Structure formats: structure tokens, C-alpha cells
Amino acid sequence: MIRVSVALIRPLAVRTVAVSDPHDLLARLPDAAPYAWVRHGEGLVGWGEAARAVVPPGPGRFEWARGWLSSLFEGAHIDDEVGMPGSGPVALGSFTFDADTPGSTLVVPRVVLARRGGRAWLTTVGDDRLTLATPPVPPGRIRYGDGSLTAPEWEHRVARAVRRIRDGALDKVVLARDLTAVADRHIDPRVLLARLADRYPECYTFSVGGLVGATPELLVRHTGQSIESLVLAGTAARGADASEDAARGMALFASEKDRHEHACAVASVREALTPLCADLDVPDHPELLVLPNVQHLASRVTGRLSDGASVLDVVAAMHPTAAVGGTPTGTALAVIRELEGMDRGGYAGPVGWIDARGDGEWGIALRCAYVSGDRARLFAGCGIMAESDPAAELAEAQAKLRAMQYALEG
Ligand SMILES: C=C(O[C@@H]1C=C(C(=O)O)C=C[C@H]1O)C(=O)O
């Protein structure tokens, strides 16, 4: 493992070679400390640590991260025969939701295996040491417990947030809750990743530094000058059959509360991206994204950057969107700190990867849990509006938690 001061003296030696199709990327992970970012079988997985940074909290944390990466990547000896986004050296990262909370990390894995658009490649940093492979073992029975607040306490906090909104202090705030889980055995993130990728192929299945999940929400994909974001906000349950399902989807489209909640999230993304972009395309109406546990209003935003901003610069400008913070942002963050009664850690923060060109993909870390030993801490939240009903918001949070409960239980 190389920290920044050492990295400056001893540059990374990075080699990327084309390999034959590895098919199931997640099945190639040799040990229980995996790095992953996979959707529809494409993406990258990594293991080992060639370099790691613990990002200092504070308002300049993305800039600090960018500086750390620049000095590491600019000094590296790179032999990259593939030349695709994600080839050459790659760092995976997870940033805490709250800029003032510690726990943001960036890691350059020693080995990265990637697959995209019919091509596959392997990147190694340093020597080709063998990694001993251990088979993943399911965690066994899972027992759940309350996190920071009981369900009725959380409903009470939601009611307080609704009062604040009705009093005119803000338009929207996203309140989250946590749930604890204890397993019979050590929880191997690889087991969770395989289950999530199988059941939620539409989502980005990720693992960075113990935070494991499958998020449907793409904060930003950066490929050259092009960027893309999938903004989600407004949620309905799935129906018991196709007609109930469709009726709930239609009701979601027709719901003024959900349309307003979605519009807040889209407006925050538009506002953040406009100064960075030469062109920006924001759809007038959302579509429906149907997942196995919930359905969401979704808007795909695309644009072209006006200068050489890296994906982390774009992340810095966007986070936190109103999909996970609220409107206006500053007031919403203060209400979250006051009412939520917990530290979100990396939940609802940016998670993803960046390469030496500044390309990368970052999601909002939703439908996820911190996993350590035989324990996990699961998170889910909901956008609270003036019309919100605390019991309905609790049910929505429970539906969102089901993704990770399935990952743990199988
Ligand atoms: C906050 C979460 O999800 C976000 C909130 C949504 C909502 O309130 O409708 C929908 C999608 C996400 O942007 C979560 O999954 O924890």
C-alpha cells in the first residue's frame, strides 16, 4: 500500500492488457475485500490496494481528492494497450454525504478487471503477485434491529419535517433511517454483490471500503466531454399483479406531490450543471423506472462540458442533489442534521470510479449497507414534502430497504 508521500517518490507502474471475456466480473473477485462497479454485467471489479487516500473532511474535499489523484496518476508509468474509459489506472471512491463527516476514501486497487462494449481488460499496478482466492460463504440467518431511531420515532421526525415545510422554511427534505443486521457468520460482500447484480441488473452494484449496494441513481457518467445523469425522485410501491403495478405507476405520474418532489431534484441538477456545460438537455417530463421493489419517476439529463472538467469536478458541483438533500439545499442539510439523529456516512454520498483521463461513473450511494464482520447497517430515505404522510414514508423506506435485505438473506 502506498500513501501519497511515498507515491511521489515511488511512482505507480501500471499496465493494462486486453484479455478474453471474463463473463461474470463479480465471480472473479478473489477475496472478501472487493471493489466493484457493475451494471448489466459491464463495469469493473478490483482487489488489493496499490494506493489509498483518506480524504480530509471539509468543503474542499473533492478538490483535495482531485489533487491527490493528479499527483498519483501524473507520476505513474502507464502502459495501456486498451485506451478506453476505465483502462489504465483507476481509483474507486466513496464520499460521505455530509462534507464535514470523516470517512471519504479513494483506493487504487492493485488489480482491476473490466468489461465494456464487447472488450475486456486487466490492469495491474506494481508486480504480479498472486492473490489467494477464498470462496464466498453466505452469511446465514440475519437478525434485524433498530438503528438510530425506532420506526415510530422516525415517523415523528417526518411529521416535524412536514410541519417545517408547511410553515414555509423549505420545500423538500430527504429524511433517512438506518437498520442494523447481525448474521450467523461473517458477511462476505461478494455474496451480497452477486445477489444484487442478479436481482437488480438495472442498478449499479457497488462495493467500496465496506459500503455495498445497488443504486439505481446515476449522479454522473463522464466520457470525454459528454456527461449523463439519471435523476430519480418520486416513488411508488410495486403492485401485486401487472394491472395493479401499472395503476400505481400511473398514479405516480398523476401525483402532484411526486411530480413536485421530482421537479425539485431535476432543478438542482440543472442548476449545478448549467455553469459547466456548453449544451444541456433536460427532459420536460419524467419517465418511469420500474425496479423489483419500487418504481421511480426518472429523468435522464445529458450534456456536453464546456471545458476539461473531470468527473470529480462534476460530482463536486452536483452533490448533494435534491434527490438526497432537499430544496433549498442549505436549509435541507440543517434539517437533516437536526432531525435524522444519525450519521449517514457514505449513504447518499457519491460512489464510483475515475480514471487518469478524468472519465468515470459516479452514483448516489442508495440501497446500500456498511458491512463489517458479521454486522451490517442498512439505510433508506424518502423525500418529504408538504403533503407527506409519515406512515406512507415509513412504508416507502421499508420498500427501499428490501433490496439490501434480499442481498443479506438471499
Ligand atoms: C433516498 C433514497 O432514494 C431517493 C429518494 C426517492 C424518493 O423519495 O422518492 C427516490 C429515489 C432516490 O433519489 C433512498 O433510496 O434511500
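What counts as what
Residues numbered from 1 in each chain as written. Predicted model: local features only at pLDDT ≥ 70, side-chain atom pairs only at ≥ 80, totals over all residues. Heavy atoms only, no water. Axes fitted to C-alpha atoms, helices over the stretch in contact; angles between N-to-C directions. Helix = DSSP H or I, 4+ residues; strand = E, 2+ residues; numbered from the N terminus. Parallel < 35°, antiparallel > 145°, perpendicular 65-115°, else oblique. Left-handed = near helix turned anticlockwise from the far one by under 90°. Contact = heavy atoms within 4.5 Å. Nonpolar A, V, L, I, M, F, W, Y, C, P; charged D, E, K, R; others polar. Phe/Tyr/Trp six-rings, centres within 6.5 Å; stacked < 30°, edge-to-face > 60°. Buried < 20%, exposed > 50% of the residue type's maximum accessible area, 1.4 Å probe, protein only. Lys NZ or Arg CZ within 6 Å of the ring centre and 35° of its normal. Expected span 1.5 Å × (residues − 1). Arc of directions from axis to C-beta. Salt bridge = Lys/Arg side-chain N within 4 Å of Asp/Glu carboxyl O. Near = heavy atom within 4 Å. Polar contact = N/O pair within 3.5 Å; in protein donor to acceptor, adjacent residues only side chain to side chain. Areas by Shrake-Rupley, 256 points an atom, 1.4 Å probe, with all protein chains shown as cover. UniProt positions renumbered as here; feature names shortened; annotations may be inferred. pLDDT = per-residue confidence, 0-100.

### Here we look at the packing of helix α6 (residues 256-273) against helix α7 (residues 311-318)
At a minimum axis separation of 8 Å, α6 and α7 run at an interaxial angle of 130 degrees. Taken together, the axes of α6 and α7 are oblique relative to one another. Considering the relative orientation of α6 and α7, their crossing is right-handed. Judged by residue contacts, V269, A272 and L273 of α6 engage V314, A317 and M318 from α7. Residues belonging to the contact of α6 with α7 are distributed by class as follows: six nonpolar, no polar and no charged.

### Looking at the packing of aromatic side chains
With the rule as written, the count across this model stands at five aromatic pairs. Ring geometry for Y370 versus F379: centroids 6.2 Å apart, planes at 80 degrees, classification edge-to-face. Take F379: its relative accessible area is 2%, and that puts it in the buried class. An aromatic cluster is defined as three or more aromatic residues linked by ring pairs; in this entry it consists of F62, F95 and W362. Across the ring face of Y406, the terminal group of R199 is positioned such that the distance to the ring centre comes to 4.4 Å. Just above the ring of F97 sits the side chain of R344; from NZ or CZ to the centre is 4.2 Å.

### Examining helix α3 (residues 151-166)
Between the first and last C-alpha of α3 there are 23 Å, a value that for 16 residues agrees with the 22 Å anticipated at 1.5 Å per step. Those residues of α3 lying buried are A151, W154, R157, V158, A161, V162 and I165. One face of α3 carries all of its buried residues, which in axial projection span an arc of 150 degrees. In this structure, α3 carries P152 and R166 as exposed residues pointing more than 90 degrees from its buried face. Packed against the buried residues of α3 are β10 (142-146), β11 (172-183), α8 (329-339), β23 (375-384) and α9 (390-409). Positioned one or two residues after α3, G168 has a phi angle of 95 degrees, which is positive.

### Looking at the pattern of salt bridges
According to the stated counting rule, one finds 26 salt bridges in the structure shown. Residue D178 pairs with R377 through a salt bridge whose shortest N-O separation is 2.7 Å. Here R377 lies in strand β23 and D178 lies in strand β11, a separation of 199 residues in the sequence. Taking the relative accessible area as the measure of exposure, R377 reaches 25% and is therefore partly exposed.

### Quick notes on the site of the ligand
Residues in contact with the ligand amount to 18 residues; listed here are only the nearest, E217, T235, Y347, R367 and G381. Separating an oxygen atom of the ligand from a side-chain N or O atom of T235 is a distance of 2.5 Å. Between the ligand and G381 there is a distance of 2.7 Å, counted from an oxygen atom to a backbone nitrogen or oxygen. Contact with the protein chains removes 100% of the 390 Å² of surface that the ligand exposes when unbound.

### Some thoughts on the UniProt feature "domain: Chorismate-utilising enzyme C-terminal" (unreviewed entry) in the chain
Under the UniProt annotation, "domain: Chorismate-utilising enzyme C-terminal" (unreviewed entry) lies at residues 152-400. For residues 152-400, the helix share is 35%, the strand share is 36%, and the end-to-end C-alpha distance is 18 Å.

### A word on the confidence of the model for the chain
Averaged over the chain, the pLDDT score is 96; the fraction of residues at 70 or greater is 98%. Taken as a whole, residues 1-9 scores under 50 in pLDDT and shows 13 contacts with residues more than four places along the chain or in a different chain. Two summary scores accompany this predicted model of the complex, namely pTM at 0.97 and ipTM at 0.99.

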